[in-house]
Amino acid sequence: MATQLFEGKGHAAVYQKYRFAPGKELQQLILSYVEEKRTSPMELVVDVGCGSGQGTLFLAEHFKKVVGTDISEAQIQEGRDAPCPPNLSYLVCPAEELPFEDGSVDLLTSFTAAHWFDIEKFMKEVMRVVKPRGCVALSTYTVDMRLHYGNCSEKLTQIFGEAKDLIFKYSHSRVKHVLEDYKEIFEALPFRDKRRITDVFDKIPMTVAGVVGYLESVSPYQIYLKDDPEAAKKLLQETEKRFLDAMGVSSRETQLEFWVRHVCILGCKGP
């Protein structure tokens, strides 16, 4: 069974507001790989487990037709409600039952979602729907994250790490795939032509409010929130105050840099 932890409307709204799009380094890695492997025009790109569409929007800037799929109706509705170009559409469906014809997909992607899928069933669908010479890009950002602002970057990273460590005590077992840099998912991809890049680093502009919102959006926090609402909310409030105090500012809209390491699996289906 796939794991469903992003179903509620409230969580979907937080996800839409605070989850960041793939950074420039990850974007360029995927685009360069597709260009390297492409033998014909890319007609159809499918983004699986798209959530509210952060990565899907990036794809729509570069390809003719893009479809985002997710098992959560609330997440898909958030994507549909946001401004989007005419070449982008969304579908509600499981990652293990994609409503596309055999050999019809030129590029299949998944951003920070593949670890929630039933890996064996998902890979069968990948093999079925991707065209010969079609490509796959499965990525996730890792827990290797740092905050940068002036001369207090180490302190901010320490504060962030303490909050993250407490929240991640509530992690689902499938987060192990992220902690292991998608090694098992890479091995399961049924393509001979494949590679796993574990050192893609991005520097993402973010506000203090955005960093706290990111923590609120992760699935372990939502579990923590259900388990102990007062403690969970207090943690975010105290973490924000600690950030502001360390930075010597009063506005939660103050900009900083969020440094994150991505892992990306790239593959090309044989003829």
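What you are looking at is a predicted structure, and each value in this text was computed from that prediction instead of being measured.

## What about the pairing of strand S5 (residues 130–148)?
Bridge count between strand S4 (residues 105–111) and S5: six bridges; the pairing is parallel. Residue pairing across strands places serine 110 opposite leucine 138, the latter belonging to S5. Note on the crossover from S4 through helix H5 (residues 119–129) to S5: the handedness is right-handed. Where S5 lies against strand S7 (residues 255–268), 11 bridges are found, and the strand directions are antiparallel. Across the sheet, residue methionine 145 finds its bridge partner in S7, namely valine 260.

## Quick word on the sheet that holds S4
Hydrogen bonds between backbone groups are what pair the strands of a sheet, and the pairing can be parallel or antiparallel. Spatial ordering of the open sheet is given by S3-S2-S1-S4-S5-S7-S6, a layout of seven strands whose pairing is mixed. Only two strands of the sheet have a single partner each, and these edge strands are strand S3 (88–92) and strand S6 (193–207). Looking at each pair of strands side by side, their axes are set apart by 20° on average, direction ignored. Bridge analysis of S6 against S7 gives 13 bridges, and the strand direction is antiparallel. Of the residues in S7, the one forming a bridge with lysine 203 is tryptophan 259. Each of strand S1 (45–48), S4 and S5 is contacted by H5, which is oriented at about 135° to S5, the strand it contacts most.

## Considerations on the UniProt feature "domain: Methyltransferase type" (unreviewed entry) in the protein
Mapped onto this numbering, the UniProt entry annotates "domain: Methyltransferase type" (unreviewed entry) at residues 46–137. For residues 46–137, the end-to-end C-alpha separation is 10 Å, with 29% helix and 30% strand making up the annotated structure.

## Quick word on helix H6 (residues 153–167)
In this model, H6 (15 residues) spans 21 Å end to end at C-alpha, consistent with the 21 Å of a helix rising 1.5 Å per residue. The secondary structure elements touched by the buried residues of H6 are S5, helix H9 (208–217), helix H10 (219–227), helix H11 (229–247) and S7.

## A few points about the packing of aromatic side chains
Here the structure, examined in full by the defined rule, presents seven aromatic pairs. Taken together, a centroid distance of 5.7 Å and an interplanar angle of 80° make the contact between phenylalanine 160 and phenylalanine 258 edge-to-face. Taken as a pair, phenylalanine 160 in helix H6 and phenylalanine 258 in strand S7 lie far apart in primary sequence, 98 residues in all. One cation-aromatic arrangement involves lysine 194 over phenylalanine 186; the distance from NZ or CZ to the ring centre is 4.8 Å.

## Observations concerning the side chain of aspartate 70
Following the sequence through the fold, aspartate 70 ends up in strand S2 (residues 66–70). Take aspartate 70: its relative accessible area is 11%, and that puts it in the buried class. Setting aside residues no more than four positions away along its own chain, aspartate 70 makes contact with Gly49, Cys50, Gly51, Gln75, Ile76, Leu91, Val92 and Cys93.

## Considering the pattern of salt bridges
The full count for this structure, using the stated rule, is 17 salt bridges. Where lysine 176 meets glutamate 184, a salt bridge forms, and the shortest distance between an N and an O atom there is 4.0 Å. What makes glutamate 184 partly exposed here is its relative accessible area of 38%. The network of salt bridges with shared partners includes Glu36, Lys37, Asp193 and Arg195.

## A few points about helix H2 (residues 24–37)
Along its 14 residues, H2 runs 20 Å from first to last C-alpha, staying within 8% of the 20 Å computed at 1.5 Å per residue. Turning to H2, its buried residues number three or more, namely Leu26, Gln27, Ile30, Leu31, Tyr33, Val34 and Lys37. One side of H2 carries all its buried residues, which in axial view fall inside an arc of 160°. Seen from the buried face of H2, the exposed residues on the opposite side, beyond 90 degrees, are Lys24 and Glu35.

## Describing the packing of H10 against H11
Two numbers describe how H10 lies on H11: the axes approach to 5 Å, and their chain directions differ by 130°. When the axis of H10 is compared with that of H11, the two are oblique. When H10 is examined against H11, the residues Tyr221, Tyr224, Leu225, Lys226 and Asp227 are found in contact with a partner set consisting of Pro229, Ala231, Ala232, Lys233, Leu235 and Leu236. Within the contact of H10 with H11, the residues separate by chemical class into eight nonpolar, no polar and three charged.

Parameters and conventions
- Residues numbered from 1 in each chain as written.
- Predicted model: local features only at pLDDT ≥ 70, side-chain atom pairs only at ≥ 80, totals over all residues.
- Heavy atoms only, no water.
- Pairing = 2+ DSSP bridges.
- Helix = DSSP H or I, 4+ residues; strand = E, 2+ residues; numbered from the N terminus.
- Right-handed = clockwise from strand over helix to strand, strands pointing away.
- Axes fitted to C-alpha atoms, helices over the stretch in contact; angles between N-to-C directions.
- Contact = heavy atoms within 4.5 Å.
- UniProt positions renumbered as here; feature names shortened; annotations may be inferred.
- Expected span 1.5 Å × (residues − 1).
- Phe/Tyr/Trp six-rings, centres within 6.5 Å; stacked < 30°, edge-to-face > 60°.
- Lys NZ or Arg CZ within 6 Å of the ring centre and 35° of its normal.
- Buried < 20%, exposed > 50% of the residue type's maximum accessible area, 1.4 Å probe, protein only.
- Salt bridge = Lys/Arg side-chain N within 4 Å of Asp/Glu carboxyl O.
- Arc of directions from axis to C-beta.
- Parallel < 35°, antiparallel > 145°, perpendicular 65-115°, else oblique.
- Nonpolar A, V, L, I, M, F, W, Y, C, P; charged D, E, K, R; others polar.

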